[in-house]
Amino acid sequence: METFADNIFLIGFMGSGKSTVSGLLAGKYGMESMEMDEAIEEQEGMSIPEIFKTKGEAYFRKCETSLLMSLAERRHVVVSCGGGTPLQKCNVEAMRRSGRLIWLTARPETILERIRDDHSRPLLEGHKDTEYIAAMLKERSPKYEAAADLMIATDGLDAETICSTIIEKIKEMDGEKC
Ligand code: S3P
């Protein structure tokens with residue numbers, strides 16, 4: 001089975017499709033899949049909203065960083081990062097050491113549609129509107145862009161198409177014409 005030597009880190013705003021794409025990509029390429037939020041929830045024995053509420057965002061950010069550090073020696077993992085993971089320089093550096101960073105983008109309207117009925121994202125509770133999402137996206141985008149090896153706009157695309165676009169672009173980056 002075709003596979004990639006390095007890890008693949010999917011970065012991007014909440015609701016940009018990272019989790020769905022990472023599972024599919026990992027399945028197709030015989031790689032392991034890891035959802036950072038899920039791994040942190042498991043480790044802490046509580047949900048992300050509970051962690052934010054009882055321990056605070058700063059604690060959650062430390063969990064993200066130590067999880068990334070623990071990936072340093074691992075390979076063949078597709079990692080679905082939290083939306084805030086690439087905002088810290090040390091996290092980007094850790095990801096770069098073991099893999100490539102793929103930025104999945106989506107318009108605020110697409111994001112709102114995807115997260116509207118979800119209550120697992122404390123930073124968007126009470127802010128489910130395109131203006132708020134657009135402002136947060138604008139603030140974060142320069143960091144996502146600086147961190148990314150590749151950018152893929154996901155609006156209107158299904159997960160299969162996003163996956164094949166990722167593969168194609170990685171191959172192009174590697175100089176393998178297909
Ligand atoms: C966050 C994104 C969430 C989760 C936490 C904070 C962020 O992950 O890590 O709620 O700061 O953007 P998803 O991007 O998987 O929703």
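These numbers come from a predicted model, not from an experiment.

K.L.:
Could you give me a rundown of the overall build of the chain, with the residues and numbers involved?
P.N.:
A tally of regular secondary structure across the chain gives eight helices and five strands. Overall, the chain shows an N-to-C arrangement of helices and strands of β-α-β-α-α-α-β-α-β-α-α-β-α. Expected size for 178 residues packed as a compact globule is a radius of gyration near 16 Å; at 16 Å, the chain falls within 12% of this value. A total of 178 residues make up the chain; the buried ones form 47% of that total. For the chain, the share of sequence-separated contacts (at least 6 apart) that also reach a separation of at least 24 residues comes to 72%. Within the structure as shown, the chain displays about 8900 Å² of accessible surface, and the carbon and sulfur contribution to it stands at 50%. Side chains of the chain give 23 positive and 31 negative charges; the mean places of these two sets differ by 4 Å.

K.L.:
Can you lay out the site of the ligand for me, pointing to particular residues and giving the numbers?
P.N.:
Lining the immediate environment of the ligand, one finds 13 residues, of which K18, D37, R61, R121 and R140 sit closest. A distance of 2.5 Å separates an oxygen atom of the ligand from a polar side-chain atom of K18. At a separation of 2.8 Å, an oxygen atom of the ligand approaches a polar side-chain atom of D37. Contact with the protein chains covers 98% of the free accessible surface of the ligand, which is 380 Å². Across the shell around the ligand, the residue classes tally to five nonpolar, three polar and five charged.

Cut-offs and rules
Starting afresh in each chain, residues are numbered from 1 along the sequence in its written order. Given that this is a predicted model, residues contribute local features only at a pLDDT of at least 70 and side-chain atom pairs are listed and counted only at 80 or more, while totals for whole chains, interfaces and linings are drawn from all residues. Only hydrogens and water are set aside; all other atoms, that is, all heavy atoms of the structure, feed into the side-chain values. Comment: elements are numbered from the N terminus, with helices defined as DSSP H or I runs of at least four residues and strands as E runs of at least two. What the globule rule says is 2.2 Å times the number of residues to the power 0.38, and the radius of gyration is computed from C-alpha atoms. Each residue gets one of three labels from its accessible area relative to the maximum for its type: buried under 20%, exposed over 50%, partly exposed in between, using a 1.4 Å probe on protein chains only. Two residues form a contact once any of their heavy atoms are found within 4.5 Å. For the area figures, the Shrake-Rupley method with a 1.4 Å probe applies, and any residue is considered shielded solely by the protein chains shown. Positive charges come from Lys and Arg, negative ones from Asp and Glu, while His and the chain ends are left out of the count. The atoms used to mark charge sites are NZ of Lys, CZ of Arg, CG of Asp and CD of Glu. One heavy atom suffices: a residue is near a molecule or strand as soon as one of its heavy atoms comes within 4 Å of it. Two N or O atoms form a polar contact when they lie within 3.5 Å of each other; inside protein one atom must be a possible hydrogen donor and the other a possible acceptor, and for residues adjacent in sequence the pair counts only when both atoms belong to side chains. Gly falls in the polar group here, along with every residue not listed as nonpolar (Ala, Val, Leu, Ile, Met, Phe, Trp, Tyr, Cys, Pro) or charged (Asp, Glu, Lys, Arg).

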